[in-house]
Amino acid sequence: MTLATLDRRQVSRWQWRAVWLLVVLGLVLRLAMARGALWLDEAWSVVLVRQVKPFIGVLAQIHHDNNHPLNSWWIQLVGPGAPVLALRGLSIACSTLTIPIAARFAGRRGGGYGAAAAALFAFSPMLVLVGSEARGYAAALLAEAWLIDRLDPERQGEAPSPLVLATAGLLGTLAHLLFFPTLLLIAAWQVAVRDPEESLRGRLGRTVDRLAPALIASFTVVIIVVGAAYAVQGGMTLGSAAPFTFAGWAGGVSEAAGLSLGTIWLALPLLALLLATPRPSRADWTLWLLVGLGLPFGALLMRPPNAEIARYYLPSAFALLALAAIRCTTHRIGWLVLASIAATMLWRDCALIEAQRSEPDLPVRILAAQQGRPGAIILASSRLSAPIELAAERMGMRLRMATACIPADYLLGDREWGAAAKREVQYCGAVWRLLATRPASYRDGAGWALYRRSGLQAPKPVANAPRRAADRAQARAGVAQG
């Protein structure tokens with residue numbers, strides 16, 4: 001055994017100790033982020049799931065883009081009335097497992113790369129956020145990370161069996177339908193990394209032969225989910241369908257990059273490191289080019305609705321963060337960039353944890369604190385009904401609410417990203433004054449503003465609900481007036 005071999009083993013041992021420490025830290029962050037009530041999309045997932053039959057009802061009865069089948073089955077398994085932490089348990093587990101897989105992928109490139117990747121995947125606000133909510137994004141990202149790691153040209157060993165590939169394609173697409181276009185991009189990456197002396201037709205054929213089980217399984221899920229929706233109601237129901245705009249697309253992509261790195265400005269030094277020498281390997285730069293940039297630029301070309309939703313670009317995060325870890329540990333200056341990214345990520349994580357997804361249950365807690373029976377509440381937007389309904393149920397509170405104009409003492413409206421909250425509004429023929437509000441803590445979040453009908457006595461303050469400095473900065477969010 002040579003001295004170099006011993007040295008490599010010591011580096012590997014040190015690196016994996018650091019990786020497992022970072023996995024624990026990542027789990028702690030996700031558990032901390034998972035505190036608080038179910039926010040908008042999570043609440044609608046629970047409301048939709050509890051209205052259908054177990055298992056088959058998720059595919060045959062829910063034809064809504066908010067239905068992520070794997071997550072919906074998990075909700076049915078633990079029960080819609082289970083503790084919030086249990087409802088979010090699948091995402092917490094999947095997101096935490098992604099950390100060592102990313103570390104193994106990057107660690108093949110050299111000493112320190114694996115620990116750097118573990119740090120970025122453990123701390124990334126985007127991954128902590130989706131990894132602590134009852135949705136399907138974290139499970140889909142885990143399937144993507146596992147598949148990329150197993151197909152890595154740097155990996156030595158047997159290729160994954162057809163059954164394993166089919167399982168990955170099946171579970172990834174059941175987690176979220178976005179996994180199918182991601183799988184196509186991974187297939188394109190496999191074509192690009194094959195022997196360049198081989199013809200394009202030959203590389204394409206070999207890639208299709210290898211990934212056929214995953215592609216067939218994934219496409220089958222898409223056909224079942226989308227086909228059932230068209231057969232029953234003529235298509236999928238969308239929670240929202242904002243038309244494509246370039247500004248919306250740019251905002252969504254920049255928010256996705258900013259949430260992944262902590263801030264969008266850190267993408268600039270990363271780009272400089274990417275262009276610096278030594279150049280990334282063929283496998284690495286094609287992964288970043290195809291899997292990292294394929295989805296955002298594919299959206300720009302195809303112009304789908306809702307292009308401003310940042311989490312739709314989550315599949316790009318693996319390539320972005322993995323390559324960031326590799327490039328940052330390639331250069332001396334890169335370690336400074338890596339430390340800056342990690343610190344910024346932790347700062348953003350703390351802000352998001354403190355915001356608790358804008359405390360969607362606080363309006364109900366305010367109403368519950370009133371002496372006697374609280375008055376009715378008007379919802380300026382019907383999408384607010386699910387989180388308010390679930391919060392009231394969990395508090396054992398019977399609350400009368402409606403989206404129509406009814407005799408009511410309170411009005412609840414959205415706080416749209418970037419708009420200013422008004423202290424007084426007119427709605428349903430009455431004047432309403434601002435009582436409490438929370439801004440959206442990120443672009444895809446759901447802020448709200450609670451109003452009290454003018455002339456009512458001010459309510460009692462709610463314990464453990466201090467007014468944050470962010471709430472006093474009115475320019476950071478606004479309210480939909482209906």
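Above this text sits the structure in question.
For every chain, the first residue of its written sequence is number 1, and the numbers climb from 1 along that sequence. Two thresholds apply to this predicted model, a pLDDT of at least 70 for residue-level local features and 80 or more for giving and counting side-chain atom pairs, whereas whole-chain, interface and lining totals are computed over all residues. For the side-chain quantities, the full set of heavy atoms in the structure was used; hydrogens and water were omitted.

K.L.:
Honestly, the state of the cysteines in this entry has me stumped. Any pointers?
P.N.:
A disulfide bridge is the covalent bond that connects two cysteines by way of their sulfur atoms. By definition, disulfides here are pairs of cysteine sulfur atoms that lie within 2.5 Å. For the coordinates displayed, the defined rule picks out 1 disulfide. With a sulfur-sulfur separation of 1.9 Å, Cys-405 is cross-linked through a disulfide to Cys-428. Here the S-S torsion is close to -75°, and the disulfide linking Cys-405 with Cys-428 is therefore left-handed. Here Cys-405 is found in the loop between strand 2 (401-402) and strand 3 (410-415), whereas its partner Cys-428 is found in the loop between strand 4 (424-427) and strand 5 (430-438), with 23 residues between them in sequence. Helix and strand definitions follow DSSP, with helices as H or I runs of at least four residues and strands as E runs of at least two, each counted in order from the N terminus.

K.L.:
Teacher, can you tell me more about the pattern of salt bridges here?
P.N.:
Between side chains of opposite charge, a pair can form as their charged atoms come close. By definition here, a salt bridge exists when the distance from a side-chain nitrogen of Lys or Arg to a carboxyl oxygen of Asp or Glu is within 4 Å. According to the stated counting rule, one finds 20 salt bridges in the structure shown. The residue Glu-198 makes a salt bridge to Arg-206 at a minimum N-O spacing of 3.5 Å. A network of salt bridges, in which partner residues are shared, links Arg-104, Arg-108, Arg-109, Asp-149, Asp-152 and Asp-284.

K.L.:
Whenever I open this one, the packing of aromatic side chains confuses me. Can you help?
P.N.:
Geometry of an aromatic ring pair is reported as the spacing of the ring centres plus the angle between the planes. Two aromatic rings from Phe, Tyr or Trp, using only the six-membered ring of Trp, form a pair when their centres are within 6.5 Å; if the ring planes differ by under 30 degrees the pair is stacked, by over 60 it is edge-to-face, and anything between is tilted. Tallied over the entire structure, the rule returns 8 aromatic pairs. Between Phe-105 and Phe-318 the ring centres are 5.5 Å apart and the planes differ by 65°, which places this aromatic pair in the edge-to-face class. With Phe-105 in helix 6 (residues 89-107) and Phe-318 in helix 17 (residues 316-328), this pair connects stretches of sequence that are 213 residues apart. Remark: exposure states derive from per-residue accessible area (1.4 Å probe, protein chains only) relative to the maximum for the residue type, with buried under 20%, exposed over 50%, and partly exposed in between. The exposure class of Phe-318 is buried, given its relative accessible area of 0%. Through a chain of ring-to-ring contacts, the aromatic side chains of Phe-105, Phe-121 and Phe-318 assemble into a single cluster. Consider the ring centre and the ring normal. A charge sits over the ring if Lys NZ or Arg CZ is within 6 Å of that centre and within 35 degrees of that normal. The lysine or arginine in question, Arg-109, covers the ring of Phe-105, its NZ or CZ lying 4.2 Å from the ring centre.

K.L.:
What is the right way to read a nonpolar patch on the surface from this model?
P.N.:
Judged by side-chain polarity, Leu-27, Leu-31 and Leu-85 come together as a nonpolar surface patch covering roughly 230 Å² of accessible area. With respect to the helices and strands, the residue Leu-27 is situated in helix 1 (residues 3-33). Under the relative-accessibility criterion, Leu-27 is labelled partly exposed at 32%. Note that patches include only residues with greater than 30% relative accessible area and no salt bridge, and the join distances are 9 Å for like charges and 5 Å for nonpolar side chains (Val, Leu, Ile, Met, Phe, Trp, Tyr). Surface accessibility in these figures is a Shrake-Rupley result with a 1.4 Å probe; residues are shielded only by whichever protein chains are displayed.

K.L.:
Would you take a moment to explain the packing of helix 9 (residues 137-150) against helix 10 (residues 162-175) for this structure?
P.N.:
Orientation is described by axes fitted as lines to C-alpha atoms, over the contacting stretch for helices, and by angles from 0 to 180 degrees between their N-to-C directions. Relative orientation of the contacting elements helix 9 and helix 10 amounts to 155°, with a least axis distance of 7 Å. The angle between the axes of helix 9 and helix 10 places the two elements in the roughly antiparallel class. Seen from above, helix 9 lies across helix 10 with left-handed handedness. Across the interface between the two elements, Ala-139, Ala-140, Ala-143, Trp-146 and Leu-147 of helix 9 pack against Val-164, Leu-165, Ala-168, Gly-172 and Ala-175 of helix 10. As a working rule, the residues Ala, Val, Leu, Ile, Met, Phe, Trp, Tyr, Cys and Pro are called nonpolar, Asp, Glu, Lys and Arg charged, and the rest polar, with Gly in that last group. Grouping the amino acids of the contact of helix 9 with helix 10 by side-chain chemistry returns 9 nonpolar, 1 polar and no charged. Each angle gets one of four labels, with under 35 degrees taken as roughly parallel, over 145 as roughly antiparallel, 65 to 115 as roughly perpendicular, and the rest as oblique. Handedness of a crossing is defined here by the sense of rotation of the near helix relative to the far one, left-handed for an anticlockwise turn of less than a right angle and right-handed for a clockwise turn. A contact between two residues is defined here by any heavy atoms of the two lying within 4.5 Å.

K.L.:
Can you walk me through the environment of Leu-31 in this structure?
P.N.:
Structurally, Leu-31 can be placed in helix 1. Taking the relative accessible area as the measure of exposure, Leu-31 reaches 36% and is therefore partly exposed. Note: C-alpha distance between Leu-31 and Leu-85 (54 residues apart in sequence) is 7.9 Å. Non-local contacts of Leu-31, meaning those with residues more than four positions away in its chain, are made with Leu-85 and Ile-92.

K.L.:
Would you explain unusual backbone geometry in this entry?
P.N.:
Apart from glycine, the bulk of residues carry a negative phi angle, and the bulk of peptide bonds sit in the trans form. For Arg-303, which is not glycine, the phi dihedral falls at a positive 55°. Inspection of the secondary structure assignment puts Arg-303 in the loop between helix 16 (294-302) and helix 17. At Arg-357, a residue that is not glycine, the phi angle is positive and equals roughly 50°. Mapped onto the fold, Arg-357 is located in the loop between helix 18 (332-355) and helix 19 (362-368).

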